[in-house]
Amino acid sequence: MKAKLLLPRDNYSGNLLWMKADLLGKETLLTQSLREIVALGYWASPFPEGDGVTFNDNGDGKSGQQVLADFVVAFPWLDVAMGESGDSNLELADLEAEATITCTVIVPLERVFFEEPFELGPFRFVCQRDLDEKPHDRLADWDGDYLQFDTELKYQDLLRVNRAIVHNDVVISKCLALAEHALDVIRFCFSSFDRPEFTPNPAGQLDDGTYVVEIIPHGRTHLKPLNLKGISRPMSASNNWLGPEIDGNDFHAREFLVAMLGGQSDELALSVKAALRACRQSFYSLGEESKFLNLVFALDGLVYPKKHWTGWLHHTYVAALVSHGNLARFKSVLVRYSELYADVRNPLVHKGKDFYELAQEPAQCCQDLYGFIIDVVELIADLRLTTVEELNAQAKQWLATPAFKSCYEEEIQRISGHRGEQVKFPIW
């Protein structure tokens, strides 16, 4: 069992430190060792958290090597080595490489409005103080809207906080990444590309470009609540308007999305999680071309077409899922999706075009693709699909019907003729 020794200095007592989990079952050994170290002329007391001992040598003026030798004798069940940093938290961080600690995390929300608290799975959205009917229940120092959730953070990372900016950024970035998954659901339900003013700011981002998180550790630990602020993301985007107004109960596919936030990890739940993250990145991208292409990739990642499903096989597959089996909707989606691919996606990817060179409005193109993503997520939720195989099978079931076959052959014939292309019908 490894332990680190920090010598007394100035007005600070010395510390003997070890992993808290390693003490389990060794409490009797600790009691005996404390008696022995006191008998050697030291004052010593165990930490209430169970991860070490604080001590001093009562002014005997012993050398560091003498102190180390005394502790090696008094604590034979420990592998005692001299600490190098002079900082007990950093020494503990080296020892506690794998340990985690449960924390409540609080992340401010800007450019969003709601009038009462609500919950989405493990995430609680708390409205600004002047609207909060129970302000005495607020855990945050923050007076505005905020997001609150419990999570496991690495003890090692928390011990290193405020030792260097990079250490703070590690903790801030993880908290923000978790908070963004909850905001992904908000964006999914209330944001759009044709009305970008209804997009909230990234989680934790303030108007001055800094990011803030509050962390409240649970359990027996010497760590105090932390209030971290920093520029953990040098580049970001901000809403210059008001953001969305949220109704805490008005959500598309609420039950499914709450389960996803709560840790549902089937194949399609994870695909939806990844797709919503990609949509988030499109919302905050400053380039119209990158917004659009990222949405193309997001939709493909969500529906997961087989590798050989290219061309009209690909387009009819996507349109079938987006349509939820409605023939009229299938026809309109197939026409628009093939147009977005041939007249927008392909020129951007293969010909180096910019949107200003295309006869398409970028916001509408992005919104149409985003609408397709929303439709597929709602299909997965409505039919309670969990695997890609189930998604593939559902599309093929619709596409194999005579009505769908007649519809897509008619549209492919018309579109191919208009483009001067050879007609190639997919075989489902």
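Residues numbered from 1 in each chain as written. Predicted model: local features only at pLDDT ≥ 70, side-chain atom pairs only at ≥ 80, totals over all residues. Heavy atoms only, no water.

Trainee: Please provide a residue-by-residue account of the overall build of the chain, values included.
Mentor: On a plain count of helices and strands, the chain comes out with 13 helices and eleven strands. Computed over C-alpha atoms, the radius of gyration of the chain comes to 29 Å, more than 25% over the 22 Å expected from 2.2 N^0.38 for 428 residues, which places it beyond the range of a compact globule. For the chain, the residues scored as buried account for 50% of the 428 residues in total. Of the contacts made within the chain by residues no fewer than 6 positions apart, 68% connect residues no fewer than 24 positions apart. (Helix = DSSP H or I, 4+ residues; strand = E, 2+ residues; numbered from the N terminus. Rg over C-alpha atoms; globule rule 2.2 N^0.38 Å. Buried < 20%, exposed > 50% of the residue type's maximum accessible area, 1.4 Å probe, protein only. Contact = heavy atoms within 4.5 Å.)

Trainee: Quick one: what's the story with the sheet that holds strand S5 (residues 79-82), residue by residue and with numbers?
Mentor: Ordered by their spatial adjacency, five strands build an open sheet running S3-S4-S2-S1-S5, and the pairing between neighbours is mixed. Of all the strands in the sheet, the pair left with one neighbour each is strand S3 (43-46) and S5. Taken pair by pair, the neighbouring strands of this sheet meet at an average axis angle of 20°, ignoring direction. Relative to strand S4 (residues 52-56), strand S2 (residues 14-18) runs antiparallel, the two being bridged by four bridges. Residue pairing for S4: glycine 14 is matched across the bridge by phenylalanine 55. Taken strand by strand, helix H3 (residues 88-95) contacts strand S1 (2-6) and S2, and its axis lies near 15° from that of S2. (Pairing = 2+ DSSP bridges. Axes fitted to C-alpha atoms, helices over the stretch in contact; angles between N-to-C directions.)

Trainee: Could you give an account of the side chain of lysine 291, with specific residues and numbers?
Mentor: For lysine 291, the location among the structural elements is in helix H8 (residues 288-303). For lysine 291, the contacting residues outside a window of four places in its chain are Phe193, Ser282, Phe283, Ser285 and Cys366.

Trainee: Lay out the packing of helix H7 (residues 267-284) against helix H11 (residues 362-383) in plain terms, naming residues and giving numbers.
Mentor: Closest axis-to-axis distance for the H7/H11 pair is 11 Å, and the angle between their directions is 160°. When the axis of H7 is compared with that of H11, the two are roughly antiparallel. Viewed along their axes, H7 and H11 form a crossing whose handedness is left-handed. Residues Leu268, Val272, Cys279 and Phe283 of H7 form the contact with H11, whose participating residues are Tyr370, Ile373, Val377 and Ile380. (Parallel < 35°, antiparallel > 145°, perpendicular 65-115°, else oblique. Left-handed = near helix turned anticlockwise from the far one by under 90°.)

Trainee: Any details on the packing of aromatic side chains? Residues and values, ideally.
Mentor: The final tally for this structure, using the stated rule, is 22 aromatic pairs. When the centroid spacing of 5.4 Å and the interplanar angle of 80° are considered together, the rings of phenylalanine 114 and phenylalanine 118 count as edge-to-face. With respect to class, phenylalanine 114 is no different from phenylalanine 118; both count as buried. Taking the centre distance of 5.0 Å and the plane angle of 75° together, the rings of tryptophan 309 and tryptophan 428 count as edge-to-face. Here tryptophan 309 is found in the loop between H8 and helix H9 (311-323), whereas its partner tryptophan 428 is found in the segment after helix H13 (402-419), with 119 residues between them in sequence. The class of tryptophan 309 is buried, set by a relative accessible area of 6%. A residue is classified by how much of its surface remains accessible, and tryptophan 428, at 22% relative accessible area, is partly exposed. Among the aromatic side chains, those forming a connected cluster through ring pairs are Trp18, Tyr42, Phe55, Phe71, Phe75 and Trp77. We note arginine 9 situated over the ring of tyrosine 12; from NZ or CZ to the ring centre the distance is 5.1 Å. (Phe/Tyr/Trp six-rings, centres within 6.5 Å; stacked < 30°, edge-to-face > 60°. Lys NZ or Arg CZ within 6 Å of the ring centre and 35° of its normal.)

Trainee: An account of the sheet that holds strand S7 (residues 118-120) is needed here, citing residue identities and associated values.
Mentor: Within the open sheet, the six strands sit side by side as S7-S8-S9-S6-S10-S11. Their pairing is antiparallel. Each end of this open sheet is capped by a strand with a single partner; those strands are S7 and strand S11 (226-230). Pairs of neighbouring strands in the sheet enclose a mean axial angle of 30°, with direction left out of account. Alignment of strand S6 (residues 100-108) against strand S10 (residues 211-217), held across four bridges, turns out to be antiparallel. The residue bridging cysteine 103 from the neighbouring strand is proline 217, located in S10. Of the strands in this sheet, S6, S7, strand S8 (123-126), strand S9 (146-154), S10 and S11 are in contact with helix H5 (residues 165-190), which crosses S9 at around 130°.

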